[in-house]
Amino acid sequence: MTATDFDKLAKIYEAEKISPWNDLYERPNSIQLMGEVDGLTVLDAGCGGGKHCADLLAKGATMHGFDMSEKMLAFAKDALGDQVEFKVADLSQPLPYQEGQFDRILCALALHYLEHWSTPLSEFYRVLKPGGKVVISTHHPFMDHALAGGEAYFAHTLIEDSWKKPDGTLYVCYWRRPLTQMMDEIKAAGLEVETIQEPMPVPETEEQFPDAYKKLTTQPRFIFFVLRKLS
Ligand SMILES: C[S@@+](CC[C@H](N)C(=O)[O-])C[C@H]1O[C@@H](n2cnc3c(N)ncnc32)[C@H](O)[C@@H]1O
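Keep in mind that this is a model prediction, so the values were computed, not measured. (Residues numbered from 1 in each chain as written. Predicted model: local features only at pLDDT ≥ 70, side-chain atom pairs only at ≥ 80, totals over all residues. Heavy atoms only, no water.)

Pairing within the open sheet is mixed, and its seven strands lie in the order S3-S2-S1-S4-S5-S9-S8. Sheet topology places strand S3 (84-88) and strand S8 (192-197) at the edges, where each strand pairs with a single neighbour. On average, each strand axis in the sheet is inclined to that of its neighbour by 15°, with strand direction left out of account. Note: strand S1 (residues 41-45) against strand S4 (residues 102-108), three bridges, orientation parallel. Counted as the bridge partner of Val 42 is Arg 104 from S4. Set on the sheet, helix H4 (residues 70-80) makes contact with strand S2 (62-67) and S3; between it and S3 the angle comes to about 170°. Across the sheet, helix H5 (residues 118-127) is in contact with S1, S4 and strand S5 (128-139); its angle to S5 comes to roughly 150°. (Pairing = 2+ DSSP bridges. Helix = DSSP H or I, 4+ residues; strand = E, 2+ residues; numbered from the N terminus. Axes fitted to C-alpha atoms, helices over the stretch in contact; angles between N-to-C directions. Contact = heavy atoms within 4.5 Å.)

Here's what the structure looks like:
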């Protein structure tokens, strides 16, 4: 998908007040995996409307964020102003940051839009300090396998999907890949896997969104990685 595609989605995506998938499942878990960030310099890669940036700022991080969609970034800038250094940048290209600039990187729900992970992962490696970590959340390969009709798990293919949101339907497409391919791309970038998680939603999801709670506690949805750049 192009920056223009994401510009078109931005208003509907960011209008949703509380999404069980994002606000009660993905974001709490990725923020928890980021650990203690007080005093650390952190990059949010594919930051969208900046909700993760806000959480990490509140935990004491010095925040930088980028996204290829100027419309998504406009929501982030409206919410956070100059508390975060935002840039327009593309994950599939060399990043506009210096070698060893960051202690931590977060890349939440963006990598499945890319056909190849070699550039973003090797760029994360380059801009991380030695010993630094990157937290990634992305579509779980089993979820995409089911969405693709349960055939050809090992295929690396583009999937078309639609998401119903309170203000409209979003039409999206993204790349699915098997877990082995994710691991190969991570290893090729020189990053070491510290943790792989298939976490649960926060408990209040059960009362507020019972259908989503049932799905999130019985079927894989997103997969989370903590990766480390060895010193
Ligand atoms: C599903 S949204 C997630 C936004 C945010 N990380 C979150 O979890 O709320 C995906 C974001 O990835 C961004 N994105 C997709 N492909 C990108 C690319 N190649 N470079 C930079 N950003 C990209 C989109 O513009 C969009 O803001």
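Anyway, onward from the coordinates.
Attention now moves to unusual backbone geometry. Look at Leu 109: it is not a glycine, yet its phi comes out positive at around 55°. Here Leu 109 shows up in the loop between S4 and H5. Residue Leu 109 is classed as buried on the basis of its relative accessible area of 14%. One non-glycine residue, Ala 152, lies in the positive phi region at around 50°. By the element assignment, Ala 152 lies in the loop between helix H6 (141-147) and strand S6 (157-165). (Buried < 20%, exposed > 50% of the residue type's maximum accessible area, 1.4 Å probe, protein only.)

Another point: the site of the ligand. In the vicinity of the ligand, 18 residues are found, and the nearest of them are Gly 46, Asp 67, Asp 90, Leu 91 and Ala 108. Contacts to the ligand include Gly 46, whose backbone N or O atom sits 2.7 Å from a nitrogen atom. The side chain of Asp 67 places a nitrogen or oxygen atom 2.5 Å from an oxygen atom of the ligand. Protein burial of the ligand: of its 590 Å² of free accessible surface, 95% is covered by the chains. Of the residues assigned to the shell around the ligand, the class counts are 12 nonpolar, four polar and two charged. (Near = heavy atom within 4 Å. Polar contact = N/O pair within 3.5 Å; in protein donor to acceptor, adjacent residues only side chain to side chain. Areas by Shrake-Rupley, 256 points an atom, 1.4 Å probe, with all protein chains shown as cover. Nonpolar A, V, L, I, M, F, W, Y, C, P; charged D, E, K, R; others polar.)

Moving on, we come to the pattern of salt bridges. For the coordinates displayed, the defined rule picks out nine salt bridges. Here Asp 103 ties to Lys 129 by a salt bridge, and the two come within 3.2 Å at their closest N and O atoms. Note that Asp 103 is positioned in strand S4 and Lys 129 in strand S5, a separation of 26 residues in sequence. Judged by relative accessible area, Asp 103 falls into the buried class, the value being 14%. Three or more residues are tied together by salt bridges with common partners; here these are Asp 23, Arg 27, Lys 51 and Asp 55. (Salt bridge = Lys/Arg side-chain N within 4 Å of Asp/Glu carboxyl O.)

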